[in-house]
Amino acid sequence: SCRVRSSGLAFGALRVVRVQSLGFSVTGTGPSVGYVLLARNSDPARGIECIQIEVNKNLFIDTQTFRATAGLAKLQADIDKLLLVVAGDVQQRMNR
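As the structure is a prediction and not an experimental result, all values here were calculated from the model.

S.K.: Would you take a moment to explain helix H3 (residues 71–94) for this structure?
M.R.: Each turn of an α-helix holds 3.6 residues, which means side chains three or four residues apart point in the same direction. Between its first and last C-alpha, H3 extends 35 Å over 24 residues, near the 34 Å set by a 1.5 Å rise per residue. Looking at H3, one finds that the buried residues are Leu75, Asp78, Leu82, Val86 and Asp89.

S.K.: How should I be thinking about a nonpolar patch on the surface in this particular structure?
M.R.: Taken together, the side chains of Ile53, Val55, Leu59, Ile79 and Leu83 define a hydrophobic patch exposed on the protein surface, amounting to about 410 Å² of accessible area. Relative to the assigned elements, Leu59 resides in the loop between helix H2 (33–41) and strand S1 (61–62).

S.K.: Help me understand the environment of Val90 in this model?
M.R.: Mapped onto the elements, Val90 comes out in helix H3. Look at Val90 and you get partly exposed, because its relative accessible area is 36%. Residues Val90 and Gly47, spaced 43 residues apart in sequence, show a C-alpha to C-alpha distance of 9.9 Å.

Rules and cut-offs
- Residues numbered from 1 in each chain as written.
- Predicted model: local features only at pLDDT ≥ 70, side-chain atom pairs only at ≥ 80, totals over all residues.
- Heavy atoms only, no water.
- Helix = DSSP H or I, 4+ residues; strand = E, 2+ residues; numbered from the N terminus.
- Expected span 1.5 Å × (residues − 1).
- Buried < 20%, exposed > 50% of the residue type's maximum accessible area, 1.4 Å probe, protein only.
- Patch = residues over 30% accessible without salt bridge, like charges linked within 9 Å, V, L, I, M, F, W, Y side chains within 5 Å.
- Areas by Shrake-Rupley, 256 points an atom, 1.4 Å probe, with all protein chains shown as cover.
- Salt bridge = Lys/Arg side-chain N within 4 Å of Asp/Glu carboxyl O.

Okay, here's the thing in structure tokens:
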């Protein structure tokens, strides 16, 4: 099977540690449509990195009524925190 890295090791480690620190689990991407898109649109050796985040809908929505639950606000805040970390990492790389 073909394994393609969609982000560099440092960037990958950064996101894993940060997501885990927010209490979420992290798994690697396997062969799937998302995996193919990431592989096609990334080139870590050239600084073009891609990540895909899939969120378990049970964290923020009642799957019977499709109404948001109290978990939505926490999830939104956690995603905002993660995006700030990623943006900070990108900014540091641009300043090198």
